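Per-entry structural report
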Amino acid sequence: MTADRVCPAPLWGPPSETTHIGEGRLEGDGRYLRLWLVVQSGLVIEARFQCHGCQVAIAVGQNLCAALTGRELARVRTLERNDIAILVGPVPEGKEFNYELAAKALAALKET
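So, a few notes on the structure that sits alongside this text. (Residues numbered from 1 in each chain as written. Predicted model: local features only at pLDDT ≥ 70, side-chain atom pairs only at ≥ 80, totals over all residues. Heavy atoms only, no water.)

Attention now moves to helix H4 (residues 97-107). In an α-helix, one turn spans 3.6 residues; hence positions three or four apart end up facing the same way. When you tally the buried positions in H4, you get 8 out of 11 residues, the bulk of the element. For H4, the full list of buried residues reads Phe97, Asn98, Tyr99, Leu101, Ala102, Ala103, Ala105 and Leu106. Structurally, H4 contributes buried residues whose contacts are with strand E1 (20-25), strand E2 (32-40), helix H1 (55-68), helix H2 (73-76) and helix H3 (81-88). (Buried < 20%, exposed > 50% of the residue type's maximum accessible area, 1.4 Å probe, protein only. Helix = DSSP H or I, 4+ residues; strand = E, 2+ residues; numbered from the N terminus. Contact = heavy atoms within 4.5 Å.)

The strand order across the open sheet built from 4 strands is E3-E2-E1-E4, with neighbouring strands paired in antiparallel fashion. One side of each edge strand has no neighbouring strand; the edge strands of this open sheet are strand E3 (43-51) and strand E4 (110-111). Judged from the 6 bridges that link them, E1 and E2 form a sheet pairing that is antiparallel. Bridge assignment links arginine 25 to a residue of E2, and that residue is tyrosine 32. Across the sheet, H1 is in contact with E2 and E3; its angle to E3 comes to roughly 170°. On top of the sheet, H4 reaches E1 and E2; it is set at about 140° to E1, its chief contact. (Pairing = 2+ DSSP bridges. Axes fitted to C-alpha atoms, helices over the stretch in contact; angles between N-to-C directions.)

Printed below as a string of structure tokens:
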């Protein structure tokens, strides 16, 4: 992943107000991606994340949150692994599981 694909400001941790939360985990593994969304009138107005700390996971989380902001929640819920790979850009070989974590987090989104 190139440095220009990473958001300039980290989107780490929950926003002050959250309307939706979702988490993706790998079975038997400590790796995770947690997403917090603020949704108004069906649009994601803020997206933030927390993850297991790998630099690639952090970049995926930041880029995903930046890409989700301004999108319709209904469309965000339909994003799958391949869509996420396109939105956030390439990752080093062996780090593709981060796309799956993101897809699982989106699929698990629930209202708070």
